[in-house]
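# Structural characterization, general
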Amino acid sequence: MTALNANPRVRLVLALGLLVAAAGVLTQYLVGVPGFPTIPPGPIILGIGGILVLALPRSRWVLIVGTLAALFVTVGGLVEGSVWGRLGDPGQFDVWIGVVGQWLGQLIALVAGVIGIRQAYSRTPRATAARH
């Protein structure tokens, strides 16, 4: 592993976080949460981001795309604001599990994305030889 590439495990965590978040949004859509558009963009954005991260393991730029996908959906969800009501009502388990999956996946993707970008664009090697 060189300083020009992120740890493959970090990439995998980023991709899985994006895919879990996409599944969470899709779950909310499928169980009929009101207010979703006919074709919700969240699962598409997150899913494509996750697939790109997995499909292009040697590209650094894809880490930025995956992180921006998670950030875009996160900001959109916070601005829209109805997440708090769904998150605070575990009595509707199907909706609640979708929200938890979405936000947990987005959080994991954001953290892994920032770590991956930092690793991939670092100018100093992460591992140094033992000093004599």
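For the structure itself, look to the data block above.
Everything quoted here is computed from the prediction, not taken from an experiment.

## With respect to the overall build of the protein
A tally of regular secondary structure across the protein gives 5 helices and 0 strands. Along its sequence from the N terminus, the protein presents helices and strands in the succession α-α-α-α-α. Summarising its shape, the C-alpha atoms of the protein cover approximately 65 × 25 × 20 Å along the three principal directions. Each of the 132 residues in the protein was classed as buried or not, and the buried ones make up 39%. Considering only residue pairs separated by 6 or more positions, the protein has 78% of its internal contacts joining residues 24 or more positions apart.

## Points about the nonpolar core
Residues Leu-14, Leu-18, Leu-46, Val-53, Leu-63, Ala-70 and Ala-109 are the most contacted members of the largest nonpolar core, which totals 19 residues. At the level of secondary structure, the elements contributing two or more residues to this core comprise helix H1 (8–30), helix H2 (41–55), helix H3 (61–80) and helix H5 (93–120). For this core, the leading source of residues is H1, giving 7 residues. If near-sequence neighbours (up to four positions away) are discounted, Leu-18 is found in contact with Leu-46, Gly-49, Gly-50, Val-53, Gly-66, Ala-69, Ala-70, Gly-105 and Ala-109. Judged by nonpolar contacts, the second largest core, of 5 residues, contains Val-83, Val-95, Val-99 and Trp-103.

The rules behind each value
- Residues numbered from 1 in each chain as written.
- Predicted model: local features only at pLDDT ≥ 70, side-chain atom pairs only at ≥ 80, totals over all residues.
- Heavy atoms only, no water.
- Helix = DSSP H or I, 4+ residues; strand = E, 2+ residues; numbered from the N terminus.
- Buried < 20%, exposed > 50% of the residue type's maximum accessible area, 1.4 Å probe, protein only.
- Contact = heavy atoms within 4.5 Å.
- Core = buried A, V, L, I, M, F, W, Y, C linked by side-chain atoms within 4.5 Å.

Nothing here speaks to function; it is all geometry.
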